[in-house]
Amino acid sequence: MIRYALVCDRRHDFEVWFKNSADYDKQVKRSLVSCPACGSTKVEKALMAPSLGAGTKKKRSSEARPIEAPAMPEPESAPAEQPSPVAMISPQEQEFRAKLKELREHLTKNADNVGKKFPEEARKMHYGEIEHRSIYGEASPEDAKELHEEGIEFHPLPILPDERN
Ligand SMILES: [Zn+2]
């Protein structure tokens, strides 16, 4: 027995078993071989070698791989020539975030957390009642406005993008 990969005049691919190549010639000449998709009897051998396809299939199924991941794209199929805008922005964004985090960590590490007493403490420092030091805490919008009007300089703590929600 011999298996041929065939193709009809409408480019449907299919495979048919024959006793030998002479049997194939005979059956095709008598229009005994028809395309399973469209019924056309105008068929010819496909260009690919049928034995190659069968061998590959057999080899693959014998591999001890229970599930082939169909969702995984082949590395060769990934288009490398056109990176997406996200991929181009991402490293910068990450660097920016890392710097923000660093600054935030530095501030919180080297400053006293005075919490809700921030406006009070800031004022005391500004008017020389206590020694200057780095502090951080909470200030309501009104407090912030008043502090600014009194000429007391402070800055909001940098917030990481994913902490905003
Ligand atoms: Zn067909």
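Provided above is the structure to which this section pertains.
**Section: the overall build of the protein**
So, step 1. Counting its regular elements, the protein contains 5 helices and 5 strands.
So, step 2. When the helices and strands of the protein are placed in sequence order, the string is β-β-α-β-α-α-β-α-β-α.
So, step 3. A buried classification covers 20% of the 165 residues belonging to the protein.
So, step 4. Within the protein, contacts between residues separated by at least 24 positions form 43% of all contacts whose residues are at least 6 apart in sequence.
So, step 5. A total accessible area of about 13500 Å² is found for the protein, and carbon and sulfur atoms account for 53% of it.

**Some points on the coordination of the zinc ion**
So, step 1. The protein atoms that coordinate the zinc ion are C8 (SG), H12 (ND1), C35 (SG) and C38 (SG), at distances spanning 2.0 to 2.3 Å.
So, step 2. Given 4 donor atoms and angles of 100 to 118° at the metal, the environment of the zinc ion is assigned as tetrahedral.
So, step 3. Along the chain, the residues donating to the zinc ion are arranged with the sequence spacing C-x3-H-x22-C-x2-C.
So, step 4. A residue is classified by how much of its surface remains accessible, and H12, at 26% relative accessible area, is partly exposed.

**Brief notes about the environment of G115**
So, step 1. By secondary structure assignment, the location of G115 is in strand 4 (residues 112-115).
So, step 2. When the C-alpha positions of G115 and G137 are compared, they lie 4.0 Å apart, and in sequence the two are 22 residues distant.
So, step 3. Sequence-distant contacts of G115, defined by excluding residues within four places in its chain, comprise Y136, G137 and E138.

Conventions we followed
- Positions within a chain are numbered from 1, following the residues in the order the chain's sequence is written.
- This being a predicted model, a pLDDT of at least 70 is required before a residue's local features are given, and a value of 80 or more before pairs of side-chain atoms are given or counted; all residues contribute to the totals for chains, interfaces and linings.
- Here the side-chain values reflect all heavy atoms present in the structure, with hydrogen atoms and water set aside.
- Secondary structure is summarised from DSSP: a helix means a run of H or I of at least four residues, a strand means a run of E of at least two, and numbering begins at the N terminus for each.
- Buried residues are those whose accessible area, probed at 1.4 Å on protein chains only, stays under 20% of the maximum for their type, while exposed residues exceed 50% and partly exposed ones sit between those limits.
- Any pair of residues with heavy atoms lying within 4.5 Å of one another is described as a contacting pair.
- Exposure was quantified through the Shrake-Rupley algorithm and a 1.4 Å probe, taking into account, for residues, occlusion by the shown protein chains and nothing else.
- Here a donor is any nitrogen, oxygen or sulfur atom (N, O, S) within 2.8 Å of the metal, with 3.2 Å used for Na, K and Ca; water is not among the atoms considered, so some sites may look incomplete.
- Any site counts as irregular unless it has four donors with all angles between 85 and 135 degrees, making it tetrahedral, or four or six donors with opposite ones more than 155 degrees apart and the rest between 65 and 115, making it square planar or octahedral.

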